[in-house]
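# Results of the structural survey
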Amino acid sequence: MEMNEDDIAEKNYRSTLPGPLGPIDTWISRIEAVILAMGVILMAVNTIANVLSRFILGESLHFSEEINRILIVMITFAGIGYAARHGRHIRMSAIYDAVPTGGRRWMMIFICLFTALVMFVLCYYSIGYINTVYSRGRVLPSLSMPVWIIYVWVPIGFAITGIQYLLTAIKNLTSRDVYLSTHVVDGYKDTETEV
């Protein structure tokens, strides 16, 4: 399987942020990539094992659904930081694209700071939610594991995403170009007309 330019760049990601921010950003990126890869692989193995069990033994694995539920939460909230780091988040840019580069850079700084604030607020509220679930003492029926453990990934994902948006704002403050993330320069690839 041939890797395209973006895949190679993501695999060899090394942050260009100044000072100690660069190594921290690179380290977080590697951890996210491992979490996402392992989560997807474990989910696939768990689902295949459940299907085989159903067809061979005539009975599903009673814990399979709960494991996939845990993995979906983990992949989702580890993935939002990953998407922000690689500039893969959804953008609605009709007004933004009409503004000159200098204005776009300041708009991007504002967007990143506002988004970071929203992520940190969501992190705060998700911690409150986890405390509520913890105080109720609920457990998963098959795994007999406390339900609150599933949701630990939520504030971690929001915090990492908030940090990533802060780092992107810093990158835009220290650069002449406009960056969607710490290493993705703003712009569009015209893939439909490329041959």
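What counts, and at which threshold
Residues numbered from 1 in each chain as written. Predicted model: local features only at pLDDT ≥ 70, side-chain atom pairs only at ≥ 80, totals over all residues. Heavy atoms only, no water. Helix = DSSP H or I, 4+ residues; strand = E, 2+ residues; numbered from the N terminus. Expected span 1.5 Å × (residues − 1). Phe/Tyr/Trp six-rings, centres within 6.5 Å; stacked < 30°, edge-to-face > 60°. Buried < 20%, exposed > 50% of the residue type's maximum accessible area, 1.4 Å probe, protein only. UniProt positions renumbered as here; feature names shortened; annotations may be inferred.

### Section: helix H2 (residues 21-56)
The first and last C-alpha atoms of H2 sit 52 Å apart over 36 residues, in line with the 52 Å expected at 1.5 Å per residue. A positive backbone phi angle near 80° is found at Gly 58, which sits one or two residues after H2.

### Here's the deal with the packing of aromatic side chains
The geometry of an aromatic ring pair is captured by two quantities: the separation of the ring centres and the angle between the planes. Across all of its chains, the model carries five aromatic pairs by this definition. Aromatic side chains Tyr 134 and Trp 148 sit 5.5 Å apart centroid to centroid with 85° between the ring planes, which places their arrangement in the edge-to-face category. You can see Tyr 134 sitting in helix H5 (residues 101-136) and its partner Trp 148 sitting in the loop between H5 and helix H6 (153-173), a full 14 residues away along the chain. Judged by its relative accessible area of 53%, Tyr 134 falls in the exposed class. The exposure class assigned to Trp 148 is partly exposed, which follows from its relative accessible area of 28%.

### Comments concerning the UniProt feature "transmembrane region" (unreviewed entry) in the protein
With numbering matched to this structure, UniProt assigns "transmembrane region" (unreviewed entry) to residues 33-55, 67-85, 106-127 and 147-167. Secondary structure content for residues 106-127 is 100% helix and 0% strand, while the C-alpha to C-alpha distance between its ends is 32 Å. Counted over residues 147-167, helix gives 71% and strand 0%. Its end C-alpha atoms are 32 Å apart.

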